[in-house]
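Letter by letter, the chains look like this.
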Amino acid sequence: MKSVDVANKFSDEDIDRIIQMAWEDRTPFEAIEFQFGLKEKEVIEFMRLNSKDSSFRMWRKRMTGRGTKHLQKRVAVDPRFKCTLQRSISMNKISKR
């Protein structure tokens, strides 16, 4: 993937969102592929082209071996996240303390 292809394929908002999703621990590569069509190797190349060298190295060091970035490697019983302050889904308000 060349930087010219990335510039033509994605809007600035999409580029920002892909970078944000790549940095998030809880967002798997499969979610990026589903939403933007980029496989893991393409995300790595995308990050290389759209980050400073030091930021890319820091991101790669952080992501290497991280099980949460792959759906297959997750060990959580319930993969959904629910804040402890959230009431039932019907009310969806933060409880008072």
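None of these values were measured; they are calculated from a predicted model. (Residues numbered from 1 in each chain as written. Predicted model: local features only at pLDDT ≥ 70, side-chain atom pairs only at ≥ 80, totals over all residues. Heavy atoms only, no water.)

Attention shifts here to the pattern of salt bridges. The tally for this structure, following the rule as stated, stands at four salt bridges. Of the charged contacts in the structure, one is a salt bridge between Glu24 and Arg17, with a shortest N-O distance of 3.6 Å. Among the salt bridges present, the one from Arg62 reaches Asp25, with a minimum N-O distance of 2.8 Å. Of this pair, Arg62 sits in helix H5 (residues 53-63) while Asp25 sits in the loop between helix H2 (12-23) and helix H3 (29-36), placing them 37 residues apart in sequence. For Asp25, a relative accessible area of 26% translates into the label partly exposed. (Salt bridge = Lys/Arg side-chain N within 4 Å of Asp/Glu carboxyl O. Helix = DSSP H or I, 4+ residues; strand = E, 2+ residues; numbered from the N terminus. Buried < 20%, exposed > 50% of the residue type's maximum accessible area, 1.4 Å probe, protein only.)

Attention shifts here to the confidence of the model for the chain. Across the chain, the average pLDDT comes to 76, with 60% of residues at or above 70. Within the chain, helix H4 (residues 40-50) carries the highest mean pLDDT (94), whereas helix H1 (residues 3-9) carries the lowest (57). (pLDDT = per-residue confidence, 0-100.)

Before going further, it helps to examine the packing of H4 against H5. Running from N to C, H4 and H5 point in directions that differ by 150°, and their axes come no closer than 8 Å. Here H5 runs roughly antiparallel to H4, going by the angle between their axes. Here H4 contributes Val43, Ile44, Met47 and Arg48 to the contact with H5, which in turn contributes Phe56, Trp59 and Arg60. Of the residues assigned to the contact of H4 with H5, the class counts are five nonpolar, no polar and two charged. (Axes fitted to C-alpha atoms, helices over the stretch in contact; angles between N-to-C directions. Parallel < 35°, antiparallel > 145°, perpendicular 65-115°, else oblique. Contact = heavy atoms within 4.5 Å. Nonpolar A, V, L, I, M, F, W, Y, C, P; charged D, E, K, R; others polar.)

For the rest of this paragraph, the subject is the environment of Val43. Examined against the element boundaries, Val43 turns out to sit in helix H4. A residue is classified by how much of its surface remains accessible, and Val43, at 0% relative accessible area, is buried. Separated by ten residues in sequence, Val43 and Glu33 place their C-alpha atoms 8.6 Å apart. Beyond its immediate sequence surroundings of up to four residues, Val43 is in contact with Ala22, Phe29, Ile32, Leu38 and Trp59.

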